[in-house]
Amino acid sequence: MTRNRAFLIVMDSVGIGGAPDAGQFFNNDTPDTGANTVGHIAQAQTLHLPNLDRLGLGAAIRLASGLDAPGLTAAAEGLWGGATEISPGKDTPSGHWEIAGVPVPWEWTFFPKTVPAFPDAVTARICELAGTQGILGNCHASGTQVIEDFGAEHLRTGWPICYTSVDSVLQIAAHQDHFGLDRLIALCEGLAPMLHQMRVGRVIARPFLGERPGEFSRTPNRRDFAIAPPADTILDIAAGAGRVTHAVGKIGDIFSHRGITHLHKGKSDADLADHLLRLGREAEPGSLTFANFVEFDTNFGHRRDIPGYAAQLEWFDSVAGQFMNLLGPGDLAIFT
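Attention shifts here to the packing of aromatic side chains. All chains considered together, the criterion is met by 13 aromatic pairs. Judged by centre distance (6.2 Å) and plane angle (85°), the ring pair of tryptophan 97 and tryptophan 106 falls under edge-to-face. Considering the side-chain rings of phenylalanine 208 and phenylalanine 216, the 5.5 Å spacing of their centres and the 85° angle between planes classify their relative orientation as edge-to-face. Taking relative accessible area as the criterion, phenylalanine 208 reaches 0% and is therefore assigned buried. Residue phenylalanine 216 is classed as buried on the basis of its relative accessible area, which comes to 9%. Taken together, Phe7, Phe293, Phe296, Tyr309, Trp315, Phe316, Phe323 and Phe335 form an aromatic cluster joined through their ring pairs.

This part is about the nonpolar core. Phe293, Leu313 and Phe316 are the most contacted members of the largest nonpolar core, which totals 37 residues. Among the elements of the structure, β1 (6-11), α1 (37-44), α2 (50-55), α3 (57-65), α10 (269-282), β12 (288-293), α11 (295-301) and α12 (306-324) are those that each provide at least two residues to this core. The element contributing the most residues to this core is α12, with seven residues. Grouped together as the second largest cluster of nonpolar side chains are 24 residues, Phe118, Ile135, Ile172 and Phe179 included.

Once that is clear, we can look at the side chain of aspartate 269. Mapped onto the secondary structure, aspartate 269 falls in helix α10. No salt bridge is formed by the buried aspartate 269, whose closest oppositely charged neighbour, lysine 250, lies at an N-O distance of 9.4 Å. Polar contacts involving the side chain of aspartate 269 include one to the main-chain amide nitrogen of valine 294, which spans 3.3 Å. Within the structure, aspartate 269 has its side chain in polar contact with the backbone nitrogen of glutamate 295 (distance 3.0 Å). Setting aside chain neighbours within four positions, we find aspartate 269 in contact with Phe293, Val294, Glu295, Phe296, Gln312 and Trp315.

Read from one edge of the open sheet, five strands run β11-β10-β12-β1-β13, paired in parallel fashion. Of all strands in the sheet, those with a lone pairing partner are β11 (262-264) and β13 (332-335), marking the two edges. If you compare each strand with its neighbour and ignore which way they point, the axes differ by 10° on average. Note that β1 and β12 share six bridges and pair parallel.

Here we come to the pairing of strand β5 (residues 161-164). Residues Ile161 and Tyr163 line one face of β5 and the alternating positions Cys162 and Thr164 line the opposite face, and both faces are buried. Relative to β5, strand β4 (residues 136-140) runs parallel, the two sharing four bridges. Residue pairing across strands places leucine 136 opposite isoleucine 161, the latter belonging to β5. The parallel pair β4 and β5, bridged by helix α6 (residues 143-157), forms a crossover whose chirality is right-handed.

The residue glutamine 312 is located in helix α12 in this model. For glutamine 312, a relative accessible area of 10% puts it in the buried group. Other than its neighbours up to four places away in sequence, glutamine 312 contacts Asp269, Glu295, Phe296 and Phe300.

Before going further, it helps to spend a moment on the environment of isoleucine 99. Structurally, isoleucine 99 can be placed in helix α4 (residues 92-99). Residues isoleucine 99 and glycine 66, spaced 33 residues apart in sequence, show a C-alpha to C-alpha distance of 23 Å. Non-local contacts of isoleucine 99, meaning those with residues more than four positions away in its chain, are made with Leu8, Val10, Phe290 and Thr336.

Here the focus is the environment of valine 104. For valine 104, the position within the fold is in the loop between α4 and α5 (120-130). C-alpha separation for the pair valine 104 and proline 230, spaced 126 residues apart in sequence, amounts to 7.9 Å. Valine 104 has contacts with Ser87, Pro88, Ser94 and Trp97, leaving out every residue within four places of it along the chain.

Turning to α3, a few remarks are in order. Buried residues of α3: Leu57, Gly58, Ala59, Ala60 and Ile61, and no others. Where α3 is buried, its residues touch α1 and α2. Once α3 ends, the next one or two residues include glycine 66, with phi positive near 80°.

To continue, consider the state of the cysteines. Considering all chains together, one arrives at zero disulfides under this definition. The closest cysteine sulfur to the non-disulfide-bonded cysteine 162 is located on cysteine 127, 7.8 Å from its own sulfur. Here cysteine 188 is not disulfide-linked; the sulfur of cysteine 162 is the nearest cysteine sulfur, at 8.2 Å.

Here we come to the pattern of salt bridges. This structure, assessed with the given rule, holds 16 salt bridges. Of the charged contacts, one joins arginine 3 and aspartate 331 as a salt bridge, the two residues approaching to 3.4 Å between their closest N and O atoms. Linking arginine 3 in the segment before β1 with aspartate 331 in the loop between α12 and β13, this pair joins segments that are 328 residues apart in sequence. Under the relative-accessibility criterion, aspartate 331 is labelled buried at 16%.

The next point concerns unusual backbone geometry. In this structure, proline 116 follows valine 115 across a cis peptide bond, with omega equal to 5°. A positive phi angle, close to 55°, is found at arginine 304, a residue other than glycine. Looking at the secondary structure, you find arginine 304 in the loop between α11 and α12.

About the cut-offs
- Residues numbered from 1 in each chain as written.
- Predicted model: local features only at pLDDT ≥ 70, side-chain atom pairs only at ≥ 80, totals over all residues.
- Heavy atoms only, no water.
- Phe/Tyr/Trp six-rings, centres within 6.5 Å; stacked < 30°, edge-to-face > 60°.
- Buried < 20%, exposed > 50% of the residue type's maximum accessible area, 1.4 Å probe, protein only.
- Core = buried A, V, L, I, M, F, W, Y, C linked by side-chain atoms within 4.5 Å.
- Helix = DSSP H or I, 4+ residues; strand = E, 2+ residues; numbered from the N terminus.
- Lys, Arg positive; Asp, Glu negative; His and termini not counted.
- Salt bridge = Lys/Arg side-chain N within 4 Å of Asp/Glu carboxyl O.
- Polar contact = N/O pair within 3.5 Å; in protein donor to acceptor, adjacent residues only side chain to side chain.
- Contact = heavy atoms within 4.5 Å.
- Pairing = 2+ DSSP bridges.
- Axes fitted to C-alpha atoms, helices over the stretch in contact; angles between N-to-C directions.
- Right-handed = clockwise from strand over helix to strand, strands pointing away.
- Disulfide = S-S within 2.5 Å.

Listed below in structure tokens is the structure:
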């Protein structure tokens, strides 16, 4: 039976060569010029990615960057290519919207790398919604380091920890029990319309647990409140045509839950892999599944953890092999 299903699978942050404007974006004070995540990891240690390489990963790296990545030399059996983003940003909404057919038509608002980072009106609105006299952080920060730096003061004062990054984003960390998960999510949801009007892409709730420095850790109950896409994406179009759509991982949040029939969440990429494999077996004929695997980025990319990132790539390659074996005539799978 021809099922004619489509699966669009995003390997978050798994890049194969920087765009022409990479030098305009930074990690700390280092420009992204020459960025090539998979290629550089392959140069640092041997990668075993037989399934993705067989589909065309090594060939795509050569096309995108000119690099012959060690170990990724298989003759491509799938259709493969490289693309250059035209949206003016490297943030999550820019990339995903463009993949889904809607390049970003505006310049995002980014917060300056100063202390304080946020305008007084934004800080006042956070305090109003949180019912506090102030906020903590108010700076550019790593999400794991900021709770280590301010977690104890947060427990003492009850003030939310607010921070940003090189992305167009405002993140709020608060203790899941002492501050309250529902209260944190309501705070971010209430703040989001003001930030979206400013063309800030996302407000993110970042709950954590622990009672003292050294014990603080983020929980899986993150919630993203993203600005809505300015036009119909492939999800809207598929849903409007009567097709069933499945969103795996944070896809629902990124697209403001538009055009999505079923949402599949999990506490880890392993959970999301289970969803993807189940949908490979069970997804309806004519359906669209859009998935995001985020732990490449959150667990390893931000920390520049080459061995950890490599291990995650090899784990995902095995998932990809299992998934491909579930596809039948008429099915389409795109890994990006």
